[in-house]
Amino acid sequence: MGMTIGGWIFLIVGWGIIGVLTIYSFSKVLRVEAKKRDRENN
Amino acid sequence: MAAQRERWGTRIGLILAVAGNAIGLGNFLRFPVQAAQNGGGAFMIPYFTAFLLLGIPLMWLEWSIGRYGGKYGHGSAPGMFDVLWKNKVAKYFGAVGLWVSMVIMIYYCFIESWTLGFSAFSAARLYFDETTFAAMRNFLQSYQGLVPGDHFTNVIPAYLFMIATLGLNFWILGRGLSKGIETLAKIAMPALFLFAIILVIRVFTLGTPDASHPDWNVENGLAFIWNPDFSKLSNARVWLAAAGQIFFTLSLGMGTIQAYASYLKEKDDIALSGLTTSATNEFAEVVLGGSIAIPVAVAFFGLEQTKDIAAGGSFNLGFVSMPVIFTKIPGGEIFGTMWFLLLFFAGITSSVAMAQPVIAFLKDEFGIPHKKATMIIAAGTFICTQPVVFFLGHGFLDEMDFWAGTFGLAVFAMIETIIFMWIFGADRAWEEINKGADIKIPTVYKFILKYVTPLYLLIIMITWTYQDALPTLLMRDVPPENVPYIWGSRALMILLMLAFFVMIGKAWKRHERQQLS
């Protein structure tokens with residue numbers, strides 16, 4: 001059987017969307033928390 | 001009352017705790033089976049549609065209800081609904097939220113204890129002489145006390161693991177929000193991801209384990225999950241299966257997210273936190289969950305046999321086919337231990353969340369101290385788990401799983417959506433969701449939350465009622481000898497619901513007395 005082109009496209013797009021969403025949201029949380037800490041320290 | 005509430009120690013701790021609540025056994029066992037059976041890669045179209053129109057909006061809605069209730073000192077649905085809807089009946093609708101989480105907790109801990117047991121059996125190589133499906137199924141069933149086997153002649157070992165699991169759950173809960181639940185999340189979640197990534201790497205480097213079957217390989221396993229079959233998209237059942245999967249995987253409609261969110265401050269963000277927990281859960285499900293059990297099953301058993309395994313259900317995949325594979329690979333005891341510990345961590349971070357609404361109910365509405373409230377719920381759970389353990393083979397657990405773990409979730413989600421978006425009001429709800437937000441939620445979600453999400457839920461409820469609830473209620477396909485046990489299961493569930501109604505009534509009488517004095 002093997003992976004078809006369609007299979008690879010869905011895998012890459014599916015993983016890509018979730019990967020980007022996870023990295024974006026986590027990094028945003030970390031950035032916001034770092035800013036808050038800076039404000040509190042100042 | 002609100003000023004004395006506990007608070008989360010850190011925001012990351014909170015996000016990991018809510019993500020841990022969402023990430024459960026279903027991420028690693030249910031999702032790959034659902035994807036493979038419902039169109040492969042094409043399943044991702046209805047899956048992502050449901051994620052955007054049902055999952056994310058309900059996640060924000062539940063966080064928002066929780067934070068709003070917490071502002072008034074309520075950590076469970078009855079109190080939250082009472083402040084959202086100034087009507088005497090509102091609090092009684094909240095009983096559904098207490099009931100769903102409590103009933104699921106009662107049977108989920110028993111299933112969770114199997115993963116703890118099997119991780120110990122993997123480390124001890126106890127099942128490593130059971131190299132066929134039939135032998136491994138017999139091993140599992142003898143452990144569950146359903147049949148006598150070579151290793152287990154009764155249910156006592158499973159019972160002891162159940163006690164250990166319950167004990168661990170309530171010990172963590174007894175330590176409180178920050179020291180207990182948050183600390184667990186900070187340890188268990190990284191460990192879960194680490195184990196999952198190690199297992200994915202091991203699966204992807206398996207190649208073709210049996211040279212006499214060159215088409216039995218991991219690539220074909222991934223193809224089974226990802227190659228799209230677009231013809232399935234015209235089938236309404238596939239769209240419903242995707243919506244159901246999103247619903248289960250994000251742990252929506254249980255009252256647990258609201259309980260966790262009730263410990264936020266009024267202006268703490270929920271928009272970004274809700275999105276982050278959803279994304280973390282999806283990463284665990286689609287990227288990791290889809291890359292372990294099904295691909296490795298195809299590599300060892302071929303496509304046709306894997307289809308049979310998938311059709312046999314999630315437990316068949318997790319507790320029968322996976323252990324057989326561990327007996328066949330070098331270092332199987334290590335990977336087996338990791339697999340079952342991964343499932344255990346996924347389970348325990350969910351089960352502690354299930355107990356939280358009822359513990360919060362006793363604390364907030366009756367003023368019972370935390371340790372005492374935890375002990376009361378621990379005792380209640382222990383008592384109610386007894387028939388689940390001893391009548392497992394008679395459908396006792398399955399009956400609870402359907403009414404609370406499937407149907408009840410949709411009912412509660414529907415109730416909370418109507419109360420928040422239609423009674424509390426869409427404008428106020430939207431303002432509440434956006435309060436303190438670290439990201440801007442697209443305005444279209446106001447429309448989605450008011451119209452699309454309830455419509456989605458309504459379609460799910462009507463279909464489940466017709467397809468599943470009526471046949472289950474009428475006990476079609478139930479062997480006659482199991483009928484008394486099914487009635488027993490229903491009696492227990494009805495008693496629990498009545499108990500919550502009575503307790504809510506008493507709690508609000510207590511509030512009235514306190515206000516008068």
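This section reports on the structure supplied with the text. What you see is a predicted model, and the numbers here were worked out from it, not measured in a lab. (Residues numbered from 1 in each chain as written. Chains lettered and ligands numbered in written order. Predicted model: local features only at pLDDT ≥ 70, side-chain atom pairs only at ≥ 80, totals over all residues. Heavy atoms only, no water.)

**Some details on the interface of chain B and chain A**
Counting from both sides, the interface comprises 32 residues of chain B and, opposite them, 23 residues of chain A. Each partner contributes to the roughly 2,500 Å² buried at the junction of chain B and chain A, and carbon and sulfur atoms together form 80% of this total. It is Arg 11, Trp 226 and Asn 227 of chain B in chain B that bury the most area against chain A; as a group they hold 20% of the surface buried on that side. Seen at the junction of chain B and chain A, the total is one salt bridge. Between Glu 33 of chain A and Arg 11 of chain B there is a salt bridge, with the nearest N and O atoms lying 3.2 Å from each other. Our count for the chain B to chain A interface comes out at six residue pairs in polar contact (both at pLDDT 80 or more). Counting only elements with at least two residues in the side of chain B that touches chain A, the list comes to helix H1 (11–22), helix H3 (44–71), helix H10 (218–226) and helix H13 (271–288) of chain B. Of all the elements, H13 of chain B adds the most residues to the side of chain B that touches chain A, at nine residues. Classifying every residue of the side of chain B that touches chain A by side-chain character gives 22 nonpolar, six polar and four charged. (Contact = heavy atoms within 4.5 Å. Buried area = accessible area lost by both parts, 1.4 Å probe. Salt bridge = Lys/Arg side-chain N within 4 Å of Asp/Glu carboxyl O. Polar contact = N/O pair within 3.5 Å; in protein donor to acceptor, adjacent residues only side chain to side chain. Helix = DSSP H or I, 4+ residues; strand = E, 2+ residues; numbered from the N terminus. Nonpolar A, V, L, I, M, F, W, Y, C, P; charged D, E, K, R; others polar.)

**Some words on the pattern of salt bridges**
Residue and element names in this part refer to chain B. Inspection of the entire model under this criterion finds 15 salt bridges over all chains. A salt bridge links Arg 11 to Asp 438; the nearest nitrogen and oxygen atoms lie 2.8 Å apart. Here Arg 11 is found in helix H1, whereas its partner Asp 438 is found in the loop between helix H19 (426–434) and helix H20 (444–473), with 427 residues between them in sequence. Taking relative accessible area as the criterion, Arg 11 reaches 11% and is therefore assigned buried. Measuring nitrogen to oxygen at the nearest pair gives 3.7 Å for the salt bridge that ties Arg 67 to Glu 432. In this pair, Arg 67 is assigned in helix H3 and Glu 432 in helix H19, connecting sequence segments 365 residues apart. For the pair formed by Arg 67 and Glu 432, the shared burial category is buried. (Buried < 20%, exposed > 50% of the residue type's maximum accessible area, 1.4 Å probe, protein only.)

These figures come from the coordinates and say nothing about function on their own.
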